[in-house]
Amino acid sequence: MLTNNVQDLEQRIEKLKRLVELSVTLNSTIDLDSLLNLVTTTATGLLSCEAASILLYDEKNPGLYFAAATGSDPAKLAEVPVPIEGSLAGTIFRTNHSMILNNVEKDPRHYSLVGELIHFHVQSLIGVPMLIQDRVIGVLEAINKTDAEFTVEDETMLLVTASHAATAINNARLLKTAQEALQKVKEADQRKSNFLALASHELRTPLGIIIGYASFLREDPKAETSEHARHVLDAALQMRSLVEDMTNLTMLETEGLILIKAQDVAIQNILKSACTEIYEIAGAKGQKVVFAFPEKPIMVHVDSNKMAEAFVNLCNNAVHYSPQGIDITVGATILGDHVLAWVQDQGIGIPKDKLKVIFEGFYQTEDPITRRHGGLGIGLTIAKGLIEAQGGKVWAESEGKDKGSTFKVLMPKA
Ligand code: ADP
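Here we summarise the structure given alongside this text. Residue numbers here run from 1 along each chain, matching the order of that chain's written sequence. At least 70 in pLDDT is required for a residue's local features to be given in this predicted model, at least 80 for side-chain atom pairs to be given and counted, and no such filter applies to totals for whole chains, interfaces and linings, which use all residues. Hydrogens and water are ignored here; the side-chain numbers use all heavy atoms of the structure.

1. Considering the overall build of the chain
To keep things clear, this is the line we draw: Secondary structure elements are defined from DSSP: runs of H or I of at least 4 residues count as helices, runs of E of at least 2 residues count as strands, and each element is numbered from the N terminus. Only C-alpha atoms enter the radius of gyration; for comparison, a globular chain is expected to reach 2.2 Å times N to the power 0.38, where N is the number of residues. Only protein chains enter the accessibility calculation, which uses a 1.4 Å probe; a residue whose area is less than 20% of its type maximum is buried, one above 50% is exposed, and one in between is partly exposed. Whether two residues are in contact is decided by their heavy atoms, any of which lying within 4.5 Å being enough. The Shrake-Rupley method, run with a 1.4 Å probe sphere, supplies the accessible areas, and residue values consider only the shown protein chains as cover. By the counting rule applied here, Lys and Arg register as positive and Asp and Glu as negative, while His and the ends of each chain are not counted. For the purpose of locating charges, the reference atoms are NZ of Lys, CZ of Arg, CG of Asp and CD of Glu.
Counting its regular elements, the chain contains 11 helices and 12 strands. For the chain, whose C-alpha radius of gyration is 36 Å, the value lies well above the compact-globule estimate of 22 Å for 414 residues. By its C-alpha atoms, the chain is 110 × 50 × 40 Å across when sized along the principal axes. Burial analysis of the chain (414 residues in total) assigns 41% to the buried set. Once local pairs closer than 6 in sequence are excluded, the contacts in the chain between residues at least 24 apart make up 65%. A total of about 23,400 Å² of accessible surface is found on the chain, and carbon and sulfur atoms cover 55% of it. Charge separation in the chain, taken as the distance between the mean sites of 39 positive and 52 negative side-chain charges, equals 6 Å.

2. So, the packing of aromatic side chains
Put simply, the rule is: Working definition: a ring pair exists when centres of Phe, Tyr or Trp rings (six-membered ring for Trp) sit within 6.5 Å. Plane angles under 30 degrees give stacked, over 60 give edge-to-face, the rest tilted.
With the rule as written, the count across this model stands at 3 aromatic pairs. Each ring, one from F359 and one from F407, has its centre 6.1 Å from the other, and the planes form 65°; the classification is edge-to-face. Of the two residues, F359 is situated in the loop between β10 (338-345) and α11 (379-389) and F407 in strand β12 (residues 405-412); the sequence distance between them amounts to 48 residues. Neither F359 nor F407 differs from the other in exposure class; each is buried.

3. Some thoughts on the sheet that holds strand β11 (residues 393-398)
Which entries qualify depends on this criterion: Note: two strands are recorded as paired if DSSP finds a minimum of 2 bridges between them. The angle between two axes is taken between their N-to-C directions and runs from 0 to 180 degrees, where each axis is a line fitted to C-alpha atoms and a helix contributes only its stretch in contact.
Across the sheet, 5 strands lie side by side as β7-β9-β10-β12-β11; this open sheet has mixed pairing. Two strands close off the open sheet at either side, each with one partner strand: β7 (289-292) and β11. Strand after strand, the sheet turns through a mean of 15° between neighbouring axes, direction not considered. Of the strand pairs in this sheet, β7 and strand β9 (residues 328-335) are connected by 4 bridges, and their pairing is parallel.

4. Quick word on the side chain of S405
Turning to its location among the elements, S405 is positioned in strand β12. In this structure, S405 is in contact with V343, Q344, D345, G349, I350, E397 and S398, ignoring residues within four places of it in sequence.

5. A short note on unusual backbone geometry
Trans is the common state for peptide bonds, and a negative phi is the common state for residues other than glycine. Here the phi dihedral of N144 falls at roughly 55°; this positive angle occurs in a residue that is not glycine. Judged by its relative accessible area of 2%, N144 is buried. The phi angle at F362 is positive, at roughly 70°, despite the residue not being glycine. Counting through the fold element by element, F362 comes out in the loop between β10 and α11.

6. Concerning the side chain of S87
This is how it is decided: Pairing of N or O atoms within 3.5 Å defines a polar contact, subject to two protein rules: one partner must be a possible hydrogen donor and the other a possible acceptor, and residues neighboring in sequence count only if both atoms are side-chain atoms.
Relative to the elements of secondary structure, S87 occurs in the loop between α3 (74-78) and α4 (88-95). A polar contact is formed between the side chain of S87 and the backbone nitrogen of G90, at a distance of 2.8 Å. Not counting the four nearest positions on each side in its chain, S87 is found in contact with V82, R109 and Y111.

7. Topic: helix α8 (residues 267-276)
Convention followed: Directions from the helix axis toward the C-beta atoms define the arc.
Among all positions of α8, only I267, Q268, I270, L271, A274 and C275 are buried. Each buried residue of α8 lies within a common arc of 160° when the element is viewed along its axis, so the set occupies one face.

8. Some details on the site of the ligand
Keep this limit in mind: Working definition: residue near molecule or strand if any one of its non-hydrogen atoms lies within 4 Å of it.
Close to the ligand lie 18 residues; N317, Y321, Q364, T365 and L380 are nearest. Measuring from an oxygen atom of the ligand, one finds a side-chain N or O atom of N317 at 2.8 Å. Here L380 contributes a backbone N or O atom positioned 2.8 Å from an oxygen atom of the ligand. Burial of the ligand by the surrounding chains reaches 97%, relative to a free accessible area of 520 Å².

Here you go:
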């Protein structure tokens, strides 16, 4: 008698161990098919029965379908839908109640078509609902107990298994939905990149022709023609700068396309060369550029053209986002093994929570409908990409709206 009790206890401990193992494995399994198979195999062993199956509810074609099964061919089973009305699994699903039947063949609710199709006779059955929160998502069944009849203890065991399984299924489904959404976003992003590459390429040839002819006409002795040609040329050059930005962005997005030729160069030269590009637009707004760096060259190890391109974008923004007649400061100093350079303005400023996001492609702090400043929203993305490709770092500092902004760049010292 005592030996029987001890054996009984040992068996229960063994079963609980398997349940814990199942729960641990399910937590680390994200592939839906693998976890469904694991649940049915474990249930078959735990309840000492011939077969176990998971039937999940299909919302698109209302009904239950076999998602996994042991004891017969799961692929064949998957082809046979089980109706919600007129089947035991359907009854469990509808009523959200477990069921223990040790004489199935006599039960009028038994849906015998499945057994007939796969030549499998169901004698005894225990089924429990699988729940996510209060929603039944399917049914877990164990079939034909091998040594005795199904008991309430079996039911408890199956309920615990079903509850672990339902949570794991829900997680796997959520993950799958998230992965699919991510894949769609990636595809859309790729299409956008392809479009940018194509558009910038296609625009370059006609723009070249416009610039060529406008330059030619600007030399016309007739003052009126020359003046008109100058307008056309200015607009075309502005457009070319936008197209170059688009090309730069696509090159930065495609790894390996940006070639960096780093050399030792004075940062002052880079900053001065960048500023020559903005003198005209700054002058038109009555703005002056003030240099805040020493005469003695501060040597950096960077690609001077690419670094200058990045500073042109930062300086352009300083002009763009500052009011008329306000000075812009461009400075540099040594900071340990690095050199810090900055472009400071006293313009519209940047809200603190936007200081990082402005470096992301196409982000603009102004509403696109009501914005007062032009631009594609990619200048900072390009500057960041170019600076980082040379081992540097760039960030923005601002005390907020109308408090001005400072863009700082840290780069390797020569
Ligand atoms: P764009 O200027 O073409 O919109 P950028 O990538 O250069 O694109 O800048 C992204 C956004 O960051 C701008 O739209 C603007 O909202 C903000 N920004 C950039 N530079 C400044 C600045 N100096 N002062 C205030 N806001 C700025």
